[in-house]
Amino acid sequence: MFYVDGYGRPVFNNQRSQIGELLYQLKYQRDRTAVDAIVEVAVKFIKVDWGIGRSLHGVVPVPASKARDFQPVMVIARAISTRLEVPFEGNIVS
């Protein structure tokens, strides 16, 4: 959503959601303290909302879009696999 300011320029609402802010902190600020909260939300979604916690065979992360020395998607995927007690399959796509 956006509105037009007094000069005719669009002004966008770019306020992050709580999970969006946590992801931003992890990805761009390298704040690893955000991982636990992100994983908590993801695990709840998998177990409660999807209802598939027990039937999951593994966690496969989406390949990173950019080469970095620190890959947030891998950190989150590993933590989710640990919490759900399923294998982490990080080398399926390279």
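Above this text sits the structure in question.
Residues numbered from 1 in each chain as written. Predicted model: local features only at pLDDT ≥ 70, side-chain atom pairs only at ≥ 80, totals over all residues. Heavy atoms only, no water.

Undergrad: Can you walk me through the environment of Lys 44 in this structure?
TA: Following the sequence through the fold, Lys 44 ends up in helix α2 (residues 35-49). A sequence separation of 15 residues divides Lys 44 from Val 59, and the C-alpha atoms of the two residues are 15 Å apart. (Helix = DSSP H or I, 4+ residues; strand = E, 2+ residues; numbered from the N terminus.)

Undergrad: Help me out: how do you make sense of the packing of α2 against helix α3 (residues 72-84) in this one?
TA: For any two helices packed against each other, the geometry is given by the interaxial angle and the distance between the axes. Direction vectors running N to C along α2 and α3 enclose 55°, while the axes themselves pass 9 Å from each other. When the axis of α2 is compared with that of α3, the two are oblique. The way α2 lies across α3 gives a crossing that is right-handed. On α3, the residues that touch Val 35, Ile 38, Val 39, Glu 40, Ala 42, Val 43, Ile 46 and Lys 47 of α2 are Val 75, Ile 76, Ala 79, Ile 80, Arg 83 and Leu 84. (Axes fitted to C-alpha atoms, helices over the stretch in contact; angles between N-to-C directions. Parallel < 35°, antiparallel > 145°, perpendicular 65-115°, else oblique. Left-handed = near helix turned anticlockwise from the far one by under 90°. Contact = heavy atoms within 4.5 Å.)

Undergrad: What is the right way to read unusual backbone geometry from this model?
TA: Working note: non-glycine residues mostly have negative phi, and peptide bonds are mostly trans. You will see that Arg 30, though not glycine, has its phi angle at about 55°, which is positive. With respect to the helices and strands, the residue Arg 30 is situated in the loop between α1 (18-29) and α2. On the basis of relative accessible area, Arg 30 is assigned to the partly exposed category, the value being 46%. Phi at Glu 85 takes a positive value of approximately 60°, unusual for a residue other than glycine. Secondary-structure assignment places Glu 85 in the segment after α3. (Buried < 20%, exposed > 50% of the residue type's maximum accessible area, 1.4 Å probe, protein only.)

Undergrad: How should α3 be read in this particular structure?
TA: Residues that lie three or four places apart on an α-helix share one face, since the helix turns once every 3.6 residues. The terminal C-alpha atoms of α3, which comprises 13 residues, lie 18 Å apart, in line with the 18 Å expected from a rise of 1.5 Å per residue. For α3, the full list of buried residues reads Pro 72, Ile 76, Ala 77, Ile 80, Ser 81 and Leu 84. With its buried residues spanning 160° around the axis, α3 presents them on a single face. The first or second residue beyond α3 is Glu 85, which carries a positive phi of 60°. (Expected span 1.5 Å × (residues − 1). Arc of directions from axis to C-beta.)

From the geometry alone we can't say anything about function, so treat these as descriptive.
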